[in-house]
Amino acid sequence: MTTPQVVVHRDKELMAQAAAARLITKIVDAQAARGTASVVLTGGRNGNGLLAALAAAPARDAIDWSRLDLWWGDERYLPADDPERNHTQARQALLDAVPLDPARVHVMPASDGPYGPDADAAAAAYAAELARAATPEDHGPVPQFDVLMLGVGPDTHVASLFPEHPAARETERTVVGVHGAPKPPPTRISLTMPAIRAAREVWLLAAGEDKAGAVAIALGGAGEVQAPAAAAYGRSRTLWLLDRAAAAKLPAGMYPPALS
Ligand SMILES: O=C(O)[C@H](O)[C@@H](O)[C@H](O)[C@H](O)COP(=O)(O)O
């Protein structure tokens, strides 16, 4: 388990821009070292805000987009072209603007795809795709992602792992179907904590005063099932990227003065 590192930025726009710059550097370094990089995207306002900031970043094309594997931490189980799909929103924010290798963009199945309404079968198929991508050096059933990003819900959920929900308790499978999610839509697909914790680095994104309570709970020692964000950590780094509003309820001295 890696001790969470907290970085606080002035506001959500600057947090998104700084996180995007951080991601560019991380991807470029991975590609320089290993010839490839893998990143897990998250849905939601903060996740898509980061992608939009990355699309606008001057150094954006320092990334070799053809050698980048993109995965999703979760997906709303809707038809493929539904505007509420995390994939649809990521395409609009960034993906359609950069020359990715389509074979390396690993989209989670849609409800109008081969598995129809069976989100559990769709989840199993994505787990199999992850397993095929894992190498012996990964030492597990999913690749050791360079960066896995997670938005944080006001109830401390990450991906589609909600407090006290069965999916938040999963310890064996790497991807599960989620039913009855409190955040619409109710049916989703999500990586589980074992898959999340395979990542080299886990970055949690939270901006806005509506996240201040969740941030304080998750960083204040809450239980892993009661506050899934508290359970999300990377093998070598766990980084919380906040704005001042989301950090407002953290104990004084828990992080350096907010970066301007
Ligand atoms: O499918 C989803 O809804 C997201 O993956 C979800 O985990 C999101 O990241 C959080 O709910 C935070 O969302 P906001 O950044 O919009 O608050």
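Residues numbered from 1 in each chain as written. Predicted model: local features only at pLDDT ≥ 70, side-chain atom pairs only at ≥ 80, totals over all residues. Heavy atoms only, no water.

Looking at an unreviewed UniProt entry, one finds the protein named 6-phosphogluconolactonase and attributed to Streptomyces antimicrobicus. Here the protein is described in UniProt, under the heading Sequence similarities (unreviewed entry), as follows: "Belongs to the glucosamine/galactosamine-6-phosphate isomerase family. 6-phosphogluconolactonase subfamily." (UniProt positions renumbered as here; feature names shortened; annotations may be inferred.)

It is worth spelling out the site of the ligand at this point. Within the structure, the ligand sits among 15 residues, and Arg45, Asp74, His157, Ala159 and Lys211 are positioned closest to it. Within the contact set of the ligand, an oxygen atom lies 2.7 Å away from a backbone nitrogen or oxygen of Ala159. Burial of the ligand by the protein chains amounts to 97% of its free accessible area of 420 Å². Where the shell around the ligand is concerned, the elements lending two or more residues are helix H2 (44-56) and strand E4 (74-76). For the shell around the ligand, the element with the most residues is H2, which contributes 3 residues. In terms of residue class, the shell around the ligand is made up of 2 nonpolar, 7 polar and 6 charged. (Near = heavy atom within 4 Å. Polar contact = N/O pair within 3.5 Å; in protein donor to acceptor, adjacent residues only side chain to side chain. Areas by Shrake-Rupley, 256 points an atom, 1.4 Å probe, with all protein chains shown as cover. Helix = DSSP H or I, 4+ residues; strand = E, 2+ residues; numbered from the N terminus. Nonpolar A, V, L, I, M, F, W, Y, C, P; charged D, E, K, R; others polar.)

Read from one edge of the open sheet, 6 strands run E1-E9-E8-E5-E2-E3, paired in parallel fashion. Among the strands making up the open sheet, the edge pair consists of strand E1 (5-9) and strand E3 (68-72). Within this sheet the neighbouring strands show an average axis-to-axis angle of 20°, counted without direction. Bridge count for strand E8 (residues 201-206) against strand E9 (residues 237-243) is 6 bridges, and the pairing is parallel. What sits directly across from Ala206, in E9, is Leu242. (Pairing = 2+ DSSP bridges. Axes fitted to C-alpha atoms, helices over the stretch in contact; angles between N-to-C directions.)

As a rule of thumb, nonpolar side chains are buried together in soluble globular proteins. Judged by nonpolar contacts, the single largest core of 87 residues is most densely connected at Leu191, Trp240 and Leu242. Take this core: its biggest share by element is 8 residues, from helix H1 (residues 12-34). Trp240 has contacts with Pro4, Gln5, Val6, Val7, Val152, Leu204, Val215, Ala218, Leu219 and Ala229, leaving out every residue within four places of it along the chain. (Core = buried A, V, L, I, M, F, W, Y, C linked by side-chain atoms within 4.5 Å. Buried < 20%, exposed > 50% of the residue type's maximum accessible area, 1.4 Å probe, protein only. Contact = heavy atoms within 4.5 Å.)

So, about the sheet that holds strand E6 (residues 175-178). Strand order in the open sheet made by the 3 strands is E4-E7-E6, with antiparallel pairing throughout. For this open sheet the edge positions go to E4 and E6, each flanked by a neighbour on one side alone. Shown here is a sheet whose adjacent strand axes are inclined to one another by a mean of 15°, direction ignored. Where E6 and strand E7 (residues 188-191) come together, 4 bridges link them in antiparallel fashion. In the strand pairing of E7, Val175 is matched with Leu191.

Another aspect to go through is the confidence of the model for the protein. Taken as a whole, the protein shows an average pLDDT of 96; of its residues, 98% reach a score of 70 or greater. With a pTM of 0.97, the predicted complex shows an ipTM of 0.98. (pLDDT = per-residue confidence, 0-100.)

This next bit is on helix H4 (residues 119-133). The end-to-end C-alpha separation of H4 is 21 Å, in line with the 21 Å expected for 15 residues at 1.5 Å each. Summarising the contacts, the buried residues of H4 are in contact with E3, E6 and E7. Looking at where H4 begins, the residue whose side-chain oxygen comes 3.1 Å from the main-chain nitrogen of Asp120 is Asp118. (Expected span 1.5 Å × (residues − 1).)

Further remarks concern the environment of Ala103. Note that Ala103 resides in the loop between helix H3 (86-93) and H4. A relative accessible area of 60% places Ala103 in the exposed class. A C-alpha to C-alpha distance of 8.6 Å links Ala103 and Asp69, two positions 34 residues apart in sequence.

Each aromatic ring pair is specified by the distance between its two centres and by the angle formed by the two planes. Here the structure, examined in full by the defined rule, presents 2 aromatic pairs. Members of the aromatic cluster, connected to one another through ring pairs, are Trp71, Tyr126 and Phe145. (Phe/Tyr/Trp six-rings, centres within 6.5 Å; stacked < 30°, edge-to-face > 60°.)

With the exception of glycine, the majority of residues adopt a negative phi angle, and the majority of peptide bonds are in the trans configuration. Looking along the chain, the bond that leaves Pro184 and enters Pro185 is cis, with omega of 0°. With respect to the secondary-structure elements, Pro185 resides in the loop between E6 and E7. Positioned with a positive phi, Ala159 is a non-glycine residue whose angle comes to about 50°. With respect to the helices and strands, Ala159 occurs in the loop between strand E5 (147-151) and helix H5 (166-169).

Helix-helix packing is characterised by the crossing angle of the two axes and by the distance between the axes. Axis separation between H2 and H3 bottoms out at 8 Å; the angle between their running directions is 25°. The orientation of H2 relative to H3 falls into the category roughly parallel. The two elements H2 and H3 cross, and the hand of that crossing is right-handed. Contacts between H2 and H3 pair Gly44, Asn48, Leu51, Ala52 and Ala55 from the former with Asn86, Gln89, Ala90 and Ala93 from the latter. Looking at the contact of H2 with H3, its residues break down into 5 nonpolar, 4 polar and no charged. (Parallel < 35°, antiparallel > 145°, perpendicular 65-115°, else oblique. Left-handed = near helix turned anticlockwise from the far one by under 90°.)

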